[in-house]
Amino acid sequence: MNEGATKNPDQPDARSDKQERIRRQNVDELKRLCDRIGAEAQRRGLTQEILNQILDEEPTAEELAQSRINLTERRAVVAEFCKRA
């Protein structure tokens, strides 16, 4: 765009379009990941009832502390799982 030109506020710029495409791609990729993880969980026997029980449980302080410690390990497991999928 030359210096004398003005932008039309009704016309999206190329940067906005590119950012929106990237956002949509990321959302789609996340949905596919969730679908793969969900399918694997079902294959391993997770049901909606079991999931609801897990989600309803309140973690203890010790469990919360342990979960922080295991976060790096869990990330590695998820990364490895995604490589195999």
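Residues numbered from 1 in each chain as written. Predicted model: local features only at pLDDT ≥ 70, side-chain atom pairs only at ≥ 80, totals over all residues. Heavy atoms only, no water.

What the protein chain contains, in helices and strands, is 3 helices and 0 strands. What you see in the protein chain, going N to C, is helices and strands ordered as α-α-α. Taking all 85 residues of the protein chain together, 2% fall into the buried category. Working note: accessible area of the protein chain is about 8100 Å², and carbon and sulfur atoms make up 51% of it. (Helix = DSSP H or I, 4+ residues; strand = E, 2+ residues; numbered from the N terminus. Buried < 20%, exposed > 50% of the residue type's maximum accessible area, 1.4 Å probe, protein only. Areas by Shrake-Rupley, 256 points an atom, 1.4 Å probe, with all protein chains shown as cover.)

So, about the pattern of salt bridges. Counted under the stated rule, the structure contains 4 salt bridges. For Arg23, the salt bridge is made with Glu20, and the minimal N-O distance between the two is 2.8 Å. On the criterion of helical spacing, the pair formed by Arg23 and Glu20 is a turn pair, its members being 3 residues apart in helix α1 (residues 14–43). Its salt-bridge partner being Arg24, residue Glu20 comes within 3.7 Å of it at the nearest N-O pair. Placement of the pair is Glu20 and Arg24 together in helix α1, with a separation of 4 residues, close to one helical turn. One connected set of salt bridges, linked through shared partners, spans Glu20, Arg23 and Arg24. (Salt bridge = Lys/Arg side-chain N within 4 Å of Asp/Glu carboxyl O.)

The subject of this paragraph is the confidence of the model for the protein chain. Confidence in the prediction of the protein chain, expressed as mean pLDDT, is 80, and 82% of residues score 70 or more. Of all secondary-structure elements in the protein chain, the lowest mean pLDDT belongs to helix α3 (residues 61–84), at 75, while α1 reaches the highest, 92. (pLDDT = per-residue confidence, 0-100.)

Where nonpolar side chains cluster on the molecular surface, the patch consists of Leu46, Ile50, Ile54 and Leu55 and spans about 340 Å² of accessible area. Topologically, Leu46 is positioned in the loop between α1 and α2 (48–56). Of the residues examined, Leu46 reaches a relative accessible area of 30% and is grouped as partly exposed. (Patch = residues over 30% accessible without salt bridge, like charges linked within 9 Å, V, L, I, M, F, W, Y side chains within 5 Å.)

Next up on the list: the side chain of Glu40. With respect to the element layout, Glu40 can be found in helix α1. Within the structure, Glu40 has its side chain in polar contact with the side chain of Arg43 (distance 2.7 Å). A distance of 2.6 Å separates polar atoms of two side chains, one belonging to Glu40 and the other to Arg44. (Polar contact = N/O pair within 3.5 Å; in protein donor to acceptor, adjacent residues only side chain to side chain.)

This paragraph deals with the environment of Leu51. Considering the arrangement of structural elements, one finds Leu51 in helix α2. Taking the relative accessible area as the measure of exposure, Leu51 reaches 30% and is therefore partly exposed. A C-alpha to C-alpha distance of 9.9 Å links Leu51 and Ala41, two positions 10 residues apart in sequence.

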